[in-house]
Amino acid sequence: MGCVSTTAHVGGSQVLGIIPTALVEGNFARKTVGEELQVPTMQDMIWKMLDNSDAFIALLGGIGTLEENFQIAFWAQLNIHHKPIGLLNVVGFFNKLLSFLDQAGEENFIPHLARQLFISASTVEEMIDKLKDFVYELDPAAAQIDWSKGSSSKKRKMDLSLHL
């Protein structure tokens, strides 16, 4: 993240680093270039990222990268936001993850619309084009959820039957 933010900052872009205070105090973070916003928790970090972004692009990373992107994707699936989620698939880094998502969709573990939330591109230029072209498709079931009241006011009966 440091190289990306430094390069963006040197190139004249606005950089906002959002980080939980515990990571700063525990010396797990380097000095932020641009503006730094410290938040109390990891959950607050995700919310602030959501509030301050137009899209999400995951670079090569580990468990934290995956966790953040899956949480953002799940929130999109639940109609909390409509922002695109990009996986910058440099040297095929995300190929197996994308194959897993395809398989999970084929086996009906995730809806087709949820799989479509992840945009993959191998170059920055291709990613930017795909993010610009992204059109959010709302799942009809998620459309019934009203997040403006802090919880869903439209109660739906859940089908918990097992289909073999």
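So, here's what we can say about the structure. Since we're looking at a predicted model, the values are computed, not measured.

A word on the side chain of His 81
Alright, step 1. Along the chain, His 81 turns up in the loop between α4 (63-77) and β4 (85-88).
Alright, step 2. The class for His 81 is buried, based on a relative accessible area of 4%.
Alright, step 3. Only 2.8 Å separates the side chain of His 81 from the backbone oxygen of Ile 72, close enough to count as a polar contact.
Alright, step 4. Polar contacts involving the side chain of His 81 include one to the main-chain amide nitrogen of Ala 76, which spans 3.5 Å.
Alright, step 5. Sequence-distant contacts of His 81, that is, excluding residues within four places in its chain, are made with Leu 50, Phe 56, Ile 72, Trp 75, Ala 76 and Tyr 136.

Quick look at the pattern of salt bridges
Alright, step 1. The tally for this structure, following the rule as stated, stands at two salt bridges.
Alright, step 2. Ionic pairing is found between Arg 115 and Asp 102, a salt bridge with its closest N-O pair at 2.6 Å. Pair noted here: Arg 115 is in helix α6 (residues 112-115) and Asp 102 is in helix α5 (residues 95-106), with a separation of 13 residues, a long-range link.
Alright, step 3. The exposure class assigned to Arg 115 is buried, which follows from its relative accessible area of 14%.
Alright, step 4. With relative accessibility at 33%, the residue Asp 102 sits in the partly exposed group.

Some remarks on the environment of Ser 53
Alright, step 1. Relative to the assigned elements, Ser 53 resides in the loop between α3 (42-51) and β3 (56-58).
Alright, step 2. Accessibility expressed as a relative area gives 17% for Ser 53, which makes it buried.
Alright, step 3. With 30 residues separating them in the primary sequence, Ser 53 and Lys 83 have C-alpha atoms 8.4 Å apart.

How each quantity is defined
- Residues numbered from 1 in each chain as written.
- Predicted model: local features only at pLDDT ≥ 70, side-chain atom pairs only at ≥ 80, totals over all residues.
- Heavy atoms only, no water.
- Helix = DSSP H or I, 4+ residues; strand = E, 2+ residues; numbered from the N terminus.
- Buried < 20%, exposed > 50% of the residue type's maximum accessible area, 1.4 Å probe, protein only.
- Polar contact = N/O pair within 3.5 Å; in protein donor to acceptor, adjacent residues only side chain to side chain.
- Contact = heavy atoms within 4.5 Å.
- Salt bridge = Lys/Arg side-chain N within 4 Å of Asp/Glu carboxyl O.

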